[in-house]
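Chain and residue survey
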Amino acid sequence: MICRPRLMKEQNDLQKLNDPTMIIQVNETDLLNWSVYLFGPEDSPFENGIFKIKVSIPQNYPISAPTLHFQTRIFHPNVHMDTGEVCLEVLSQKWEPRWTIESIIRAVRLMLQEPNPDSPLNCDAANLLRANDLIGYKSIAQYYTKKYAIDKHEYMNKVNAKDKKTQ
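Residues numbered from 1 in each chain as written. Predicted model: local features only at pLDDT ≥ 70, side-chain atom pairs only at ≥ 80, totals over all residues. Heavy atoms only, no water.

1. Things to note about the overall build of the chain
Within the chain, the regular secondary structure consists of 5 helices and 5 strands. The helix and strand sequence of the chain, counted from the amino end, reads α-β-β-β-β-α-α-α-β-α. Here the chain has a C-alpha radius of gyration of 17 Å; the compact-globule value for 167 residues is 15 Å, and the two agree. Judged by the C-alpha coordinates and their principal axes, the chain covers about 50 × 45 × 20 Å. (Helix = DSSP H or I, 4+ residues; strand = E, 2+ residues; numbered from the N terminus. Rg over C-alpha atoms; globule rule 2.2 N^0.38 Å.)

Here it is in structure tokens:
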């Protein structure tokens, strides 16, 4: 696996970063499969949720881009409703080996804030945005977040309670 040193460095860099908007879990026995828990961006229909994303890294990474799939159902024009596949230019036409897993996850987080209805995998979400029906889009996206995502507030309460017990 030619990408092992690069992935080990990226994993170490991410652990040092300690970013509160994402939790990254690397399978120690399979370095090519990562799980990301992405906190929904503030001021978006996803802000109260935490979303699980599977990152599958090819053997020839970083020459080839990883693939990302939301494992948490989400209503977004750039995420396939059934498979969770993510449509993001940096994962296809604009991929360059200088991109890292961290930068890709940041791009996904930005995509949640700024959906692109002109490159849809979910036509229903895209059509609402194209019709300028922001209320409809946001209400459905919030419904899916509430129904399927990990509740951010409950999660933070559990973390804070756990921290108090260890003090």
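2. Quick notes on unusual backbone geometry
Put simply, Tyr61 and Pro62 share a cis peptide bond, and its omega is 10°. Position of Pro62 relative to the elements: it lies in the loop between strand S3 (49–56) and strand S4 (67–70). The phi dihedral of Asn132 is positive, around 60°, even though this residue is not glycine. Mapped onto the elements, Asn132 comes out in the loop between helix H3 (123–130) and helix H4 (134–148).

3. Quick notes on the packing of aromatic side chains
Counted under the stated rule, the structure contains 8 aromatic pairs. An angle of 80° between the planes, with centres 6.0 Å apart, marks the rings of Phe46 and Phe51 as edge-to-face. Exposure remark for Phe46: the relative accessible area of 0% places this residue in the buried category. The class of Phe51 is buried, set by a relative accessible area of 0%. With centroids separated by 5.4 Å and ring planes inclined at 45°, the aromatic side chains of Tyr144 and Tyr148 adopt a geometry described as tilted. Within this pair, Tyr144 and its partner Tyr148 are both found in helix H4, separated by 4 residues, close to a single helical turn. One aromatic cluster is present, formed by Phe75, Tyr137, Tyr143, Tyr144 and Tyr148 through successive ring pairs. (Phe/Tyr/Trp six-rings, centres within 6.5 Å; stacked < 30°, edge-to-face > 60°. Buried < 20%, exposed > 50% of the residue type's maximum accessible area, 1.4 Å probe, protein only.)

4. Focus on the packing of helix H1 (residues 4–17) against helix H2 (residues 101–113)
Viewed as axis vectors pointing N to C, H1 and H2 meet at an angle of 55°, and their least axial separation amounts to 9 Å. Between H1 and H2, the interaxial angle falls into the category oblique. Contact residues: H1 offers Glu10, Leu14 and Leu17, while H2 offers Ile101, Glu102 and Arg106. (Axes fitted to C-alpha atoms, helices over the stretch in contact; angles between N-to-C directions. Parallel < 35°, antiparallel > 145°, perpendicular 65-115°, else oblique. Contact = heavy atoms within 4.5 Å.)

5. Focus on H3
By the burial criterion, the buried members of H3 are Ala125, Ala126, Leu128 and Leu129. Down the axis, H3 shows its buried residues gathered within 160° of arc, on one side only. Those residues of H3 hidden inside the fold are in contact with H4. At the N-terminal end of H3, a side-chain oxygen is found 3.1 Å from the backbone nitrogen of Asp124, two or three residues along, and the residue is Asn122. Looking one or two residues past H3, Asn132 carries a phi angle of roughly 60°, positive in sign. (Arc of directions from axis to C-beta. Polar contact = N/O pair within 3.5 Å; in protein donor to acceptor, adjacent residues only side chain to side chain.)

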